[in-house]
Amino acid sequence: MMKRIIWMISGLNRRIMKLLFALALIAYIAVWGTYTNMSIQEIGEMKIEQQIEDAVAPLKEKIRDLEQFSQKYPPVKFLSEKDRKRILDQIYHLASPASPPNYMYNPIKTLKTNTIGTLNMLLAKRVGARLLLASTSEVYPEVHPQNEEYWGHVNPIGPRACYDEGKRVAETMCYAYMKQEGVEVRVARIFNTFGSRMHMNDGRVVSNFILQALQGEPLTVYGTGSQTRAFQYVDLVNGLVLLMNSNISSPVNLGNPEEHTIFEFARLIKSLVVSRSQIQFLPEAQDDPQRRRPDIRKAKMMLGWEPVVPLEEGLNKTIHYFSRELEHQANNQYIPKPKAARMKKGRPRHN
Ligand SMILES: O=C(O)[C@H]1O[C@H](OP(=O)(O)OP(=O)(O)OC[C@H]2O[C@@H](n3ccc(=O)[nH]c3=O)[C@H](O)[C@@H]2O)[C@H](O)[C@@H](O)[C@@H]1O
């Protein structure tokens, strides 16, 4: 074999040998020339590019791995309408100022909350959510006691109209959406509810009287104090949850049927606080409903709900909460003031 190769090389003549050598030399010069013609800057750039390439390579690898990983819950925006899941299995629509001085302060806002706000909530139809509207005893002052069959009697141009007419139209909207669009609605007509964590400047009678009694100020009774109310502790929330989860789509009263005159109520709070405050009679509030007591037979029968916390126990809890808040506020040098309702004309008197 070796002999054969030597024989082949020796067989090439000198001319061919020279030609091969020249070609090899040209090729060598061409490659070296290209390299040496590159500027130092270009060589530097090449090196940086190479370094970037090296750093990015593992990241590219990682992205390829992640792309193979199938997500259980991909972002909602990438899903088709049919596959999108909703969190709102239920909506509690409780928004609205509730204290008369508050809702009368900005009647337009009160109306907007109860009308436009309720319409917005009724977009529940888009997601198939069930909507519970917090309505009010204010839809029916006039007959006594109030059961759900009574349709109410309100003054559409009075100072309370922004609230009670607002709530009435909110109920109307709910039932229109129920009939036309199939929205599931629940309507709770809530009667005078109070409790710990209510705002001290709320302006309703419970917070006003407790605050006045604790601060040694006169308890302000509007009118003669012979008007009545029935007060419910905030454990009423259990009634809302039961109603939401029931199949009752017609309105249901939630409240405590234990009825007191406002004067009796002022005396009760004075004694629970052990306060030396006087009772002061101010002019009657305009359009003030004179008698109110819920008929809660429907809630008892259909929801198995009735008030659990007795009035005095609920008041004691609230008094305790308010006195702690007052201590806290005193440290911050802030003195809360009870808010006054809109009055008929007249002079204050004391008993
Ligand atoms: O909870 C209800 O069923 C409804 O009734 C309340 O209205 P109202 O009962 O007039 O609430 P308060 O402001 O607490 O007044 C109760 C009674 O106490 C009187 N009052 C109020 C405050 C006060 O300092 N002194 C006083 O004598 C009022 O004139 C009224 O007769 C509110 O309108 C709503 O929050 C609610 O929907």
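Residues numbered from 1 in each chain as written. Predicted model: local features only at pLDDT ≥ 70, side-chain atom pairs only at ≥ 80, totals over all residues. Heavy atoms only, no water.

As annotated in an unreviewed UniProt entry, the chain is UDP-glucuronic acid decarboxylase 1 from Amphilophus citrinellus. For the record of the chain, the UniProt heading Cofactor (unreviewed entry) holds the text "NAD(+)". Entered under Sequence similarities (unreviewed entry) in the UniProt record, the comment concerning the chain runs "Belongs to the NAD(P)-dependent epimerase/dehydratase family. UDP-glucuronic acid decarboxylase subfamily." (UniProt positions renumbered as here; feature names shortened; annotations may be inferred.)

Chemist: When you look at the packing of helix 10 (residues 262-273) against helix 12 (residues 311-331) in this model, what are you seeing that I'm missing?
Modeler: How two helices pack is summed up by the angle between their axes together with the distance between the axes. Running from N to C, helix 10 and helix 12 cross one another at 55°; their axes reach a closest spacing of 11 Å. As judged from the angle between their axes, helix 10 and helix 12 are oblique. Considering only the axes of helix 10 and helix 12, their crossing is right-handed. Every residue of helix 12 that contacts helix 10 at F265, L268, I269, L272 and V273 is listed here: L311, E312, L315, N316 and I319. Classifying every residue of the contact of helix 10 with helix 12 gives eight nonpolar, one polar and one charged. (Axes fitted to C-alpha atoms, helices over the stretch in contact; angles between N-to-C directions. Helix = DSSP H or I, 4+ residues; strand = E, 2+ residues; numbered from the N terminus. Parallel < 35°, antiparallel > 145°, perpendicular 65-115°, else oblique. Left-handed = near helix turned anticlockwise from the far one by under 90°. Contact = heavy atoms within 4.5 Å. Nonpolar A, V, L, I, M, F, W, Y, C, P; charged D, E, K, R; others polar.)

Chemist: What should I look at first to understand a negative patch on the surface in this one?
Modeler: Residues E42, E45, E49, E53 and D54 make up a contiguous surface patch of negative charge. Take E53: it is sitting in helix 3 (residues 40-68). (Patch = residues over 30% accessible without salt bridge, like charges linked within 9 Å, V, L, I, M, F, W, Y side chains within 5 Å. Areas by Shrake-Rupley, 256 points an atom, 1.4 Å probe, with all protein chains shown as cover. Salt bridge = Lys/Arg side-chain N within 4 Å of Asp/Glu carboxyl O. Lys, Arg positive; Asp, Glu negative; His and termini not counted. Charge placed at Lys NZ, Arg CZ, Asp CG, Glu CD.)

Chemist: How should the pattern of salt bridges be read in this particular structure?
Modeler: Two side chains bearing opposite charge may form a pair once their charged atoms approach each other closely. Under the defined criterion, the tally for this structure stands at 14 salt bridges. We note a salt bridge from K125 to E181, for which the minimum N-O separation is 3.7 Å. Taken together, the residues K125 in helix 6 (residues 124-127) and E181 in helix 7 (residues 161-181) connect sequence positions 56 residues apart. With its nearest N and O atoms 3.9 Å apart, the salt bridge here joins E165 to R168. Of the two residues, E165 and R168 are both situated in helix 7; the distance of three residues between them amounts to about one turn of the helix. The structure contains a network of salt bridges with shared partners spanning E138, R160, R229, D288 and R292.

Chemist: What am I meant to see in the site of the ligand here?
Modeler: Inspection of the region around the ligand gives 23 residues, with A98, T136, S137, T220 and D288 positioned closest. In the environment of the ligand, an oxygen atom lies 2.8 Å from a nitrogen or oxygen atom belonging to the side chain of N208. Within the contact set of the ligand, an oxygen atom lies 2.7 Å away from a side-chain nitrogen or oxygen of R292. Burial of the ligand by the protein amounts to 97% of the accessible area it has alone, namely 700 Å². According to the grid-proximity analysis, the pocket containing the ligand is the largest pocket. For the shell around the ligand, the secondary structure elements donating two or more residues are helix 4 (100-105), helix 8 (205-215) and strand 5 (219-222). The residue makeup of the shell around the ligand, split by class, is eleven nonpolar, six polar and six charged. (Near = heavy atom within 4 Å. Polar contact = N/O pair within 3.5 Å; in protein donor to acceptor, adjacent residues only side chain to side chain. 1 Å grid on protein atoms, 1.4 Å probe; cavity = no way out; pocket = protein on both sides within 12 Å on 5 of 7 lines; lining within 4 Å. Sits in = over half its atoms within 2 Å of the grid points.)

Chemist: Whenever I open this one, the pairing of strand 3 (residues 185-190) confuses me. Can you help?
Modeler: Each regular strand carries side chains that alternate between the two faces of the sheet. Of all six residues in strand 3, six are buried, a share of seventy percent or more. Going residue by residue along strand 3, you find V185, V187 and R189 tucked away on one face and R186, A188 and I190 tucked away on the opposite face as well. Two strands pair when backbone bridges link them, and strand 2 (residues 131-136) and strand 3 are joined in this way by six bridges, in the parallel orientation. Within strand 3, the position partnered with L132 by the bridge is R186. What joins strand 2 to strand 3 is helix 7, and the crossover it makes is right-handed. Pairing analysis gives three bridges linking strand 3 to strand 8 (residues 252-254), with the strands arranged parallel. If you follow A188 over to strand 8, its bridge partner there is V252. (Buried < 20%, exposed > 50% of the residue type's maximum accessible area, 1.4 Å probe, protein only. Pairing = 2+ DSSP bridges. Right-handed = clockwise from strand over helix to strand, strands pointing away.)

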